[in-house]
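Read off the chains here:
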Amino acid sequence: MMQDTANVFSASGGAASITSGRLSYALGLVGPCYTIDTACSSALAALHICTLALMKFECDRSVVVGTKVLSEASNYGTAIAGMTSLQGRCHTFDSRADGYCRGEGCGAFCLSG
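Residues numbered from 1 in each chain as written. Predicted model: local features only at pLDDT ≥ 70, side-chain atom pairs only at ≥ 80, totals over all residues. Heavy atoms only, no water.

J.: Sorry, what's going on with the overall build of the protein chain here?
T.: A tally of helices and strands in the protein chain yields 3 helices and 2 strands. Counting from the amino terminus, the protein chain carries its helices and strands in the arrangement α-α-β-α-β. Considering only C-alpha atoms, the protein chain reaches an extent of 50 × 50 × 15 Å along its principal axes. Burial statistics for the protein chain: of 113 residues in total, 14% are counted as buried. Carbon and sulfur atoms form 61% of the exposed surface of the protein chain, whose accessible area is close to 9100 Å². In the protein chain, 7 side chains carry a positive charge and 8 a negative one; their mean positions are 5 Å apart. (Helix = DSSP H or I, 4+ residues; strand = E, 2+ residues; numbered from the N terminus. Buried < 20%, exposed > 50% of the residue type's maximum accessible area, 1.4 Å probe, protein only. Areas by Shrake-Rupley, 256 points an atom, 1.4 Å probe, with all protein chains shown as cover. Lys, Arg positive; Asp, Glu negative; His and termini not counted. Charge placed at Lys NZ, Arg CZ, Asp CG, Glu CD.)

Now the structure itself:
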């Protein structure tokens, strides 16, 4: 990396582990923050951790945010691997099923004890 293109985000800007802290800081949130990456179950795992924290009276409120953003590289990779539907449609439990369709999404919950 050239010195003239480096900035304050160069060292950690792309690290998923830093994302939750940067988001918490931007929103003015305080307390522990975690980045949880368990593939398809990340939002559910995060919701579970927040629920346990409330049940153990570690906090009186918690925020859970789950997102999925697809990159072109991952879309090409799953297509080349034959995992995604050539028709671009899911036909669950149907003889026309030829793979799955990927999607993006975001959900957020604010929990209180």
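Here the narrative resumes, following the displayed structure.
J.: Hey, could you run me through the nonpolar core in this one?
T.: Proteins that are soluble and globular tend to have nonpolar side chains buried together. One finds Ala46, Cys50, Leu54, Val64 and Leu111 forming the largest nonpolar core, which totals 5 residues. Ranked by residue count, the leading element in this core is helix α2 (residues 42-55), at 3 residues. Sequence-distant contacts of Ala46, that is, excluding residues within four places in its chain, are made with Ile36 and Val64. (Core = buried A, V, L, I, M, F, W, Y, C linked by side-chain atoms within 4.5 Å. Contact = heavy atoms within 4.5 Å.)

J.: Sorry if this is basic, but what is going on with the confidence of the model for the protein chain here?
T.: A low pLDDT means the predicted coordinates there should not be read in detail. A residue-level look at the protein chain finds 95% of positions with pLDDT of 70 or above and a mean pLDDT of 84. Taken element by element, the predicted model of the protein chain shows its lowest mean pLDDT in helix α3 (residues 72-80) (79) and its highest in α2 (92). (pLDDT = per-residue confidence, 0-100.)

J.: Is there a simple way to explain unusual backbone geometry in this structure?
T.: The phi dihedral of Phe57 is positive, around 60 degrees, even though this residue is not glycine. Along the polypeptide, Phe57 turns up in the loop between α2 and β1 (61-68). Located in the positive-phi region is Phe93, a residue other than glycine, with phi close to 55 degrees. Turning to its location among the elements, Phe93 is positioned in the loop between α3 and β2 (105-112).

J.: Any chance you could explain the pattern of salt bridges here in plain terms?
T.: Any two side chains of opposite charge can pair, on the condition that their charged atoms come close. In total, this model carries 1 salt bridge according to the counting rule given. Residue Asp94 pairs with Arg96 through a salt bridge whose shortest N-O separation is 3.0 Å. According to the relative accessible area criterion, Asp94 is partly exposed, its value standing at 29%. Using a relative accessible area of 49% as the deciding quantity, one classes Arg96 as partly exposed. (Salt bridge = Lys/Arg side-chain N within 4 Å of Asp/Glu carboxyl O.)

J.: Whenever I open this one, the side chain of Ser62 confuses me. Can you help?
T.: Among the secondary structure elements, Ser62 is positioned in strand β1. Look at Ser62 and you get buried, because its relative accessible area is 9%. Each residue touching Ser62, except ones within four places of it in the same chain, is listed here: Cys50, Leu54, Phe109, Cys110 and Leu111.

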